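If you want the building blocks of each chain, they are given just below.
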Protein chains: 2
Amino acid sequence: MKSALCRKLGIEFPLFAFSHCRDVVAAVSNAGGFGVLGAVAHTAESLEIDLKWIDEHVNGKPYGIDLLIPNKMEDKEGGLTAADLEARVPPEHRRHVASLLAQHGIDTADLWSAGQGGHDYTDNMREGGAARLLDVAFSHPIRLFVNALGVPPPSIMKRARDKDILVGALTGAKEHAVKHAKAGVDILVVAGTEAGGHCGEVSTMVLVPEVLQAIEDYKDIHVLAAGGIATGRQMAACMAMGADGAWTASVWLTTAEAETTPTVKKKMLAATSRDTVRSRSRTGKPTRQLKSAWTDGWHGESAPDPLPMPLQGLISRPALAKIDKLAASGHEGAQRLATYYVGQAVGLMNTEQSARSVVYDFMKDYADAAQRLAGTLET
Amino acid sequence: MKSALCRKLGIEFPLFAFSHCRDVVAAVSNAGGFGVLGAVAHTAESLEIDLKWIDEHVNGKPYGIDLLIPNKMEDKEGGLTAADLEARVPPEHRRHVASLLAQHGIDTADLWSAGQGGHDYTDNMREGGAARLLDVAFSHPIRLFVNALGVPPPSIMKRARDKDILVGALTGAKEHAVKHAKAGVDILVVAGTEAGGHCGEVSTMVLVPEVLQAIEDYKDIHVLAAGGIATGRQMAACMAMGADGAWTASVWLTTAEAETTPTVKKKMLAATSRDTVRSRSRTGKPTRQLKSAWTDGWHGESAPDPLPMPLQGLISRPALAKIDKLAASGHEGAQRLATYYVGQAVGLMNTEQSARSVVYDFMKDYADAAQRLAGTLET
C-alpha cells in the first residue's frame, strides 16, 4: 500500500498487531504488517530474551514494543513497598475474592501466599522499572515505542527520537488526543469503547472522525484506529474515515500462536459481541474483558466496589492466576471463572487460525471492501 | 448511486433520516435521501396533517414512517387504564423527581396535574392505537414502514406487503437480527450502542459486520447501519463493511428545521462525544441522551432505580415537559436540567445547517472517503 506511514515504517500494510506473544509479533511483521510486543509484564531479562528471539525471526522486518508509563513520574504511591500496598487492601475485598472462588469449588487456603500472582510488574509502570525495560528495548532495532498511558515522559521521548524510533500513544478521548498531538507523538492510537483492556466510553465509529477533526492542524501525526477491529473490512472502514491504519489486539488472542489459555481461547471462539463487559474488577480501572463468573461476581448487589489501581490488581492477579492454573487441569468451577481482556470484536473471532493467515485475510478483505465502496461511486 | 436498495426505493443516495419533524423528512427526501417520520407520539389527526403536508412538499419523492409496535400484542399491562398505571408509581419516585426539580429552582406545585406531560402516546404502542396510525399512514404514498421494536406483528406485515410498502425493523443484537431476517423484514436497521434513544451494548463497528455475517443466507434483505453516523465518511465506513446505507437521527436535531428546543440545540452544538449517557431515566429502558442535571440526578448514590417501562415515562414526561417550557423562558435551573435523546455523534455536530445542506455534505464527504480508500489500493 502506498502511504506515508507505510513508507516511514517500511511496511506493506498498516495493520498493527499488539500481542504479548513474540510469535504473533514476528508472524505479523513477516507477513507485511507491524507487530508490537506488549512488554509491561516482562522483566528486563525476559524482554531481552524475547526481543533477541524476534530479531532472529523477522529477517530485518520492523516491529515495536508497548509499555505503560505515566507521563508524570511523580508516583502517587511514593516510596511505598509491595507490603505497604498489600496492607491497604481491605479485608472485605480479600474475603469477597476468596468467597467467589470457594463458591465455584476452589480451595483458597493458599490464595494469598507469595508468588501466586506471578511476577508483580507494578514497578514497570514507574520510572526506574520502565527505564530498565527501555534500556533493553533501545538496544534492539525497534522502530516504534507505544505508551498505553498517553504521552511518555519527555526524557523517554528524547531517547526514542535520538534513535529515530517513532513514539505512539493510546487515547480514548478527543481532549487527550489534542494534548498528545501537542506533545509531539508520531502516532496516535485512537481506541473506542469496544476495545479490550483499558477503554473509554466513546465508540470507534465516533471517536476516530472526532479526533481527526480535532488534530487536523497537526499534519505529521498518524492516526491508527483501534477498538472492535478484527477484519479487513473494518480496517477499510476506519481508513475510509481518514485513519492511516488499524491497531488490533483481540483478534490475535485466538490465533494458533497466542499465549491465551485453552479455556479462555475456547470461550472466545464461542462468544458473541455481547459476551464482554467493561469492568473495574481486574485492574481497578475500567477494562473490557470476557464476561465470566469472575466478572459477574463483581457486579452483583452484594459485591464490594472494586479497589482503585493498583490495589485491585493485588487481589485479582493471584485469584486469576489460580483460576487459570486450575482451569487448565479441567476444574469446572475455574473454567466458569476464567476470563481475559478482550474487545467486542470477540463476536467476529470464530475460528483458530495462524497469525500469518489472519494478516492475509485482512489484506484480502480490505481490498474487497475498498473495491466494494469504490463500486458505489460508479454511475 | 447504483445500488439495489436505491433502485427499489427510487432514491439517489441511501441516507435515511429519522426525524419527528416533517420539514426534515421532506428536505431529506427532496435532496436525494430518504426521510422517515417518527410518528409514535402523533395522534391519528396530527399524523394525517403531517403526512398531507409531506405529500405536498416532496414532489412525489419517496418517504417513510417509523412506529413502535410490539411484535406480540399481548400487552403486559392488560386492560390497565392510565389511572391504574399512575397508581403503580411509587411515591418515592415522585418525591425524587419533585426534589430534583426543586433543587434547580423549579416550583413543582402543579407538576403532577393532568396535561403536564402533553399527549400520552402509550396507546400508540398497543394494537388498537397503532392500527389507527397505520390506517392513516397507509392512506398516504409511504414507501417504507419501520418498526423500532423489531418485527411488526404479521397482520401489519401483510398490510404493508399488500401495498408494496417495504418493512424495516431496528435491532441492536445479532440474535434479534437473525429472528427479524427469518420473519421476512426487507430492511434491517442495525444500531450500535453509540446511537441516541433506545440502544444496545454493542458498537456499530462490531455489530454491522457481525449481523451481516449472521444473515448472509438472506439475500434479499438490506442492512442499514445506525449509531454514531453524522458524516458521509462514517456512512462510507459502514458501506465499506457491507451495509447498504446509513440510518441517521441525531444529526438532524441540530438542523435549522429541527423541532429541538433552542436550549437543547445549543447544548448539542457545544457537546463532545463524551457528553451523552445511556440511562434508564427517561423511558425505563436504556436510552442514550445528552448528559444534564436531570440524568445526573438519576445516577447519584441517593437516586432510586428508574422504574420499568412504561412507568418511568409517567414521571419523566411531565417533568421534562415542564423543564423544556421553563428553559425556553430563560430559567437557568431548567436549562441545566434540559436534555433530549442523542447519540455520541453529537460530538461531530458543531454547526447549525439546513437539512438539505447536511445531505449535500454527506454526499460530498462520502465520495471523498470512497476515493481516499480506493487510492490506498493503487500501487
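Everything numeric here is computed off the predicted structure, so don't read it as measured data. (Residues numbered from 1 in each chain as written. Chains lettered and ligands numbered in written order. Predicted model: local features only at pLDDT ≥ 70, side-chain atom pairs only at ≥ 80, totals over all residues. Heavy atoms only, no water.)

## Digging into the overall build of chain A
As a reminder, the rule being used: Only DSSP runs of H or I covering at least 4 residues are called helices, and only runs of E covering at least 2 are called strands; the numbering of each starts at the N terminus. Atoms considered for the radius of gyration are the C-alpha atoms alone. The globule rule reads 2.2 Å times the number of residues to the power 0.38. Relative accessible area decides the class of each residue, using a 1.4 Å probe on protein chains only: under 20% of the type maximum gives buried, over 50% gives exposed, and in between gives partly exposed. Residue contacts follow a heavy-atom distance rule, with two residues in contact if any of their heavy atoms lie within 4.5 Å. Using a 1.4 Å probe, accessible areas were evaluated by the Shrake-Rupley method; residue-level cover was limited to the displayed protein chains.
When you go through chain A residue by residue, the secondary structure sums to 15 helices and eleven strands. In terms of overall size, chain A behaves like a compact globule, its C-alpha atoms giving a radius of gyration of 20 Å where 379 residues would be expected to give roughly 21 Å. By the burial criterion, 57% of the 379 residues in chain A qualify as buried. For chain A, long-range pairs separated by at least 24 residues make up 68% of all intrachain contacts whose partners lie at least 6 apart in sequence. Counting every atom, chain A has about 14800 Å² of accessible surface; 52% of that belongs to carbon and sulfur.

## Describing the sheet that holds strand 10 (residues 276–279) of chain A
Residues and elements named next belong to chain A. Rules: At least two DSSP bridges between two strands are required for those strands to pair.
Pairing is antiparallel in the open sheet, where three strands are placed in the order 7-11-10. Each edge of the sheet is formed by a strand with only one pairing partner; in this case those strands are strand 7 (197–198) and strand 10. Here four bridges tie strand 10 to strand 11 (residues 287–290), and the two strands are oriented antiparallel to one another. When the sheet's bridge partners are listed, Ser279 is paired in strand 11 with Thr287.

## A few points about the relation of the copies chain B and chain A
Stated formally: Alignment of the copies relies on least squares applied to C-alpha atoms, considering only residues that score at least 70 for pLDDT in both.
Here chain B sits on chain A after a turn of 180° about the axis and a move of 0.0 Å along it, with an RMSD of 0.0 Å. Considering both components of the superposition, the chain copies are consistent with a two-fold axis. It is Ala237(B) whose C-alpha, among those of chain B, lies nearest the rotation axis, at 1.9 Å.

## Here's the deal with the state of the cysteines
Filter applied, for reference: Note on terminology: disulfide denotes any pair of cysteine sulfur atoms within 2.5 Å.
Applying the stated criterion across every chain yields a total of zero disulfides over all chains. Among the cysteines around Cys199(B), which has no disulfide bond, Cys238(B) carries the closest sulfur, lying 16 Å off. Summary of cysteine pairing: Cys238(B) is not part of a disulfide, and the nearest cysteine sulfur, belonging to Cys238(A), is at 10.0 Å.

## Focus: the pattern of salt bridges
All names here are of chain B. To be explicit about the condition: A pairing counts as a salt bridge when a side-chain nitrogen of Lys or Arg comes within 4 Å of a carboxyl oxygen of Asp or Glu.
Across all of its chains, the model carries 24 salt bridges over all chains by this definition. The partner of Arg233 in a salt bridge is Asp365, and the shortest N-O contact between them spans 2.9 Å. Taken together, the residues Arg233 in helix 10 (residues 232–240) and Asp365 in helix 15 (residues 355–375) connect sequence positions 132 residues apart.

## Some details on the environment of Ser316(B)
Residue and element names in this part refer to chain B. Let me state the cut-off plainly: In protein, a polar contact requires one atom able to donate a hydrogen and another able to accept it; more generally it is a pair of N or O atoms within 3.5 Å, and residues adjacent in sequence count only if both atoms are side-chain atoms.
Among the secondary structure elements, Ser316 is positioned in helix 13 (residues 311–328). Residue class for Ser316 comes out buried when judged on its relative accessible area of 2%. Remark: the alpha-carbon pair of Ser316 and Arg282, spanning 34 residues in sequence, is separated by 5.7 Å. Polar contacts involving the side chain of Ser316 include one to the main-chain carbonyl oxygen of Arg282, which spans 2.6 Å.

## So, the nonpolar core
Inside soluble globular proteins, nonpolar side chains tend to come together where they are buried. Stated precisely, the cut-off is as follows: Nine residue types can take part in a nonpolar core, namely buried Ala, Val, Leu, Ile, Met, Phe, Trp, Tyr and Cys, and a core is a set of them joined through side-chain atoms within 4.5 Å.
Ranked by size, the top nonpolar core spans 213 residues in total, and within it Trp252(A), Trp294(A), Trp252(B) and Trp294(B) carry the most contacts. Among all residues touching Trp252(B), those that are not within four sequence positions of it are Leu15(B), Ala17(B), Phe18(B), Val24(B), Val28(B), Ala258(B), Ala355(B), Val358(B) and Val359(B). In terms of nonpolar packing, the next biggest core, distinct from the first, is built from 20 residues, Val146(B), Leu166(B), Ala226(B) and Trp247(B) among them.

## Focus on the interface of chain B and chain A
Keep this limit in mind: We define buried area as the total accessible area lost by two parts upon association, computed with a 1.4 Å probe and summed across both.
Across the contact, 47 residues belong to chain B and 47 residues belong to chain A. Taking both partners together, chain B and chain A bury about 4100 Å²; carbon and sulfur atoms supply 61% of that area. Sorting the residues of chain B by area buried against chain A places Met205(B), Arg274(B) and Leu373(B) first, and these three jointly supply 16% of that buried surface. Along the contact surface separating chain B from chain A lie two salt bridges. As a salt-bridge pair, Glu175(B) and Arg274(A) come within 3.2 Å of each other at their nearest N and O atoms. The interface formed by chain B and chain A includes 18 residue pairs in polar contact (both at pLDDT 80 or more). Sorting the residues of the side of chain B that touches chain A by element identifies helix 8 (174–183), helix 9 (204–214), helix 10 and helix 15 of chain B as the ones contributing at least two each. No other element matches helix 15 of chain B, which puts eight residues into the side of chain B that touches chain A.

## Looking at the domain arrangement of chain A
Often, the extent of an interface is quoted as the loss of accessible area upon association of its parts. Residues and elements named next belong to chain A. Rules: Domain extents, as shown, originate in an automatic or database domain assignment.
Partitioning chain A into domains gives domain 1 (4–73 + 126–252 + 354–375) and domain 2 (91–119 + 260–337). Each of domain 1 and domain 2 was reduced to a C-alpha centroid, and the two centroids are 28 Å apart. Across the contact, twelve residues belong to domain 1 and eight residues belong to domain 2. In total, about 710 Å² of surface goes out of reach between domain 1 and domain 2, with carbon and sulfur atoms giving 50% of it.

## A short note on the sheet that holds strand 2 (residues 34–38) of chain A
Residues and elements named next belong to chain A. Selection criterion: Here, axes are lines fitted to C-alpha atoms. For helices the fit covers the stretch in contact, and angles between N-to-C directions go from 0 to 180 degrees.
In space, the eight strands of this closed barrel follow the order 1-2-3-4-5-6-8-9, with parallel pairing throughout. Neighbouring strand axes in the sheet, compared pairwise and without regard to direction, differ in orientation by 25° on average. In the sheet, strand 8 (residues 222–226) pairs with strand 9 (residues 245–248) via three bridges, with the strands oriented parallel. Opposite Ala225, over in strand 9, you have Ala246 as the bridge partner.

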